[in-house]
Amino acid sequence: AQSVTQLDSQVPVFEEAPVELRCNYSSSVSVYLFWYVQYPNQGLQLLLKYLSGSTLVESINGFEAEFNKSQTSFHLRKPSVHISDTAEYFCAVRSLAAGNKLTFGGGTRVLVKP
Amino acid sequence: DAMVIQNPRYQVTQFGKPVTLSCSQTLNHNVMYWYQQKSSQAPKLLFHYYDKDFNNEADTPDNFQSRRPNTSFCFLDIRSPGLGDAAMYLCATSRGGGAPGELFFGEGSRLTVL
């Protein structure tokens, strides 16, 4: 069975400071990893994904995540956050062995303070 | 342009009064999903369709049903909503076959049960 653990349920951070959201997964086979962002009363938007190739993936708004197979992690980072980054962030995993189902972590709420 | 459209965005119903939520997609994806997301929790998969094949999650209550009359549309029917069914309901789509890619989510339908 596959599972995703997001170690921090809430992360307060000051504007222009860096942030890291931790994500660890468990799956015995090849995985595909995703970070989604959810603003209040909205659906989930894909932030970035790892399917294959380079282990470092980047989004258009300054976020990046690195797939680390040996540590089974896919941590999300941003060197300088904006107020508009206040949202809930979900890490998720899919694998063929798990029937292609998308399994979410519990989410991390990021609150950016001025 | 919205690719996965959910209606209504907000639905208020009375205890026990049936409700139907709709989802349409312009992506021509094979797979459509319904998720339930309660406050401050991760989305929980209720069921999905792969083309016309319906796949129910083992722990989805019988109170929840779904229909997919064609590729573009999928409906979630809640036959007798209880107070515990108040949640955000998210529709998502993905391509079928090949390596798993991302899911595309709609904006969600927030259900209130009085």
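Model, not experiment: these values are computed from the prediction.

1. Looking at unusual backbone geometry
Residues and elements named next belong to chain B.
Part 1: In this chain, N7 is followed by P8 through a cis amide linkage whose omega measures -10°.
Part 2: Relative to the assigned elements, P8 resides in the loop between β1 (4-7) and β2 (10-13).
Part 3: A positive phi angle, near 60°, is found at S40, a position not held by glycine.
Part 4: Residue class for S40 comes out exposed when judged on its relative accessible area of 56%.
Part 5: Despite not being glycine, D51 shows a phi value in the positive range, around 55°.
Part 6: Inspection of the secondary structure assignment puts D51 in the loop between β5 (44-50) and β6 (53-56).

2. Some remarks on the interface of chain A and chain B
Part 1: In this complex, chain A contributes 21 residues to the contact, which on the side of chain B involves 24 residues.
Part 2: Summing both sides of the interface, chain A and chain B together bury roughly 1,800 Å²; the carbon and sulfur share of this comes to 52%.
Part 3: Applying the counting rule to chain A against chain B returns two salt bridges.
Part 4: A salt bridge links E102 of chain B to K49 of chain A, with the nearest nitrogen and oxygen atoms 2.8 Å apart.
Part 5: Linking chain A with chain B are nine residue pairs in polar contact (both at pLDDT 80 or more).

3. A short note on the pattern of salt bridges
Part 1: Summed over the entire model, instances satisfying the criterion amount to eight salt bridges over all chains.
Part 2: The closest approach of N and O atoms between K78 of chain A and D85 of chain A, which form a salt bridge, is 2.8 Å.
Part 3: Accessibility expressed as a relative area gives 5% for K78 of chain A, which makes it buried.
Part 4: Measuring nitrogen to oxygen at the nearest pair gives 3.1 Å for the salt bridge that ties E57 of chain B to K101 of chain A. Residue E57 of chain B is located in the loop between β6 and β7 (64-67), and its partner K101 of chain A is located in the loop between β10 (87-94) and β11 (103-104); the two belong to separate chains.
Part 5: A relative accessible area of 14% means that E57 of chain B is categorised as buried.
Part 6: Given a relative accessible area of 33%, K101 of chain A falls into the partly exposed group.

About the criteria used
Residues numbered from 1 in each chain as written. Chains lettered and ligands numbered in written order. Predicted model: local features only at pLDDT ≥ 70, side-chain atom pairs only at ≥ 80, totals over all residues. Heavy atoms only, no water. Helix = DSSP H or I, 4+ residues; strand = E, 2+ residues; numbered from the N terminus. Buried < 20%, exposed > 50% of the residue type's maximum accessible area, 1.4 Å probe, protein only. Contact = heavy atoms within 4.5 Å. Buried area = accessible area lost by both parts, 1.4 Å probe. Salt bridge = Lys/Arg side-chain N within 4 Å of Asp/Glu carboxyl O. Polar contact = N/O pair within 3.5 Å; in protein donor to acceptor, adjacent residues only side chain to side chain.

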